[in-house]
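If you want the building blocks of each chain, they are given just below.
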Amino acid sequence: MPSVPTFELPEPLGLLAFFGAEPTAQGDGFSAYETEDESGARLRFSFDVFERSIQTALSVGGVSVATVSREGARRLWIDADGLHANFHETGFRTELHVRLTPTVQVLWSSIRTE
């Protein structure tokens with residue numbers, strides 16, 4: 001039986017420090033965080049450990065701008081440049097980069113590897 005890839009996560013305190021708030025929803029491997037910048041851009045970031053998925057939902061002034069959901073997450077980490085995630089699937093590599101200052105920025109990229 002093939003092994004299931006792991007989904008590496010930062011410590012909960014690291015996520016608390018990054019988002020500046022407790023999760024807005026949490027339970028059975030799922031966590032969601034929300035933040036808003038001074039311009040009114042609002043980010044809802046959520047992940048599910050068991051599904052190995054991450055979702056970002058960006059809105060401005062209450063109007064949805066973009067929602068992206070991706071499965072196959074391998075690693076989620078925080079460094080001085082923001083929050084990052086990478087995903088590995090057969091034939092593709094996807095990356096996510098989130099910055100909260102000075103404004104909310106959500107950058108998704110995907111490249112074919114085969």
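Quick caveat, the model's predicted, so the values are computed rather than measured. (Residues numbered from 1 in each chain as written. Predicted model: local features only at pLDDT ≥ 70, side-chain atom pairs only at ≥ 80, totals over all residues. Heavy atoms only, no water.)

Colleague: Is there a simple way to think about the overall build of the protein chain in this case?
Modeller: Each helix and strand in the protein chain was counted, giving one helix and nine strands. Sequence-ordered secondary structure for the protein chain, helices as α and strands as β, is α-β-β-β-β-β-β-β-β-β. For the protein chain, the C-alpha radius of gyration of 14 Å lies close to 13 Å, the compact-globule estimate for 114 residues. Dimensions of the protein chain, computed from C-alpha atoms along their principal axes, come out at roughly 50 × 30 × 25 Å. (Helix = DSSP H or I, 4+ residues; strand = E, 2+ residues; numbered from the N terminus. Rg over C-alpha atoms; globule rule 2.2 N^0.38 Å.)

Colleague: Would you mind going over the side chain of H97 with me for this structure?
Modeller: Relative to the elements of secondary structure, H97 occurs in strand β8 (residues 92-99). A polar side-chain atom of H97 sits 2.8 Å from the main-chain carbonyl oxygen of D81. Apart from residues no more than four positions distant in its own chain, H97 is found in contact with D81, G82, L83, H84, Q105, V106 and L107. (Polar contact = N/O pair within 3.5 Å; in protein donor to acceptor, adjacent residues only side chain to side chain. Contact = heavy atoms within 4.5 Å.)

Colleague: Explain the nonpolar core here, please?
Modeller: Most often, soluble globular proteins have nonpolar side chains that are buried together. The biggest cluster of nonpolar side chains holds 20 residues, and the ones touching the most others in it are F19, F45, F47, I54, L76 and L83. Mapped onto this core, the elements with two or more residues apiece are α1 (12-19), β3 (41-48), β4 (53-60), β6 (73-79), β7 (82-89) and β8. Looking at which element gives the most residues to this core, the answer is β3, with four residues. Every residue in contact with L83, bar those within four places of it in the chain, is listed here: L15, F18, F19, F45, L76, W77, I78, L96, H97 and V98. (Core = buried A, V, L, I, M, F, W, Y, C linked by side-chain atoms within 4.5 Å. Buried < 20%, exposed > 50% of the residue type's maximum accessible area, 1.4 Å probe, protein only.)

Worth remembering: the numbers are spatial, not functional.
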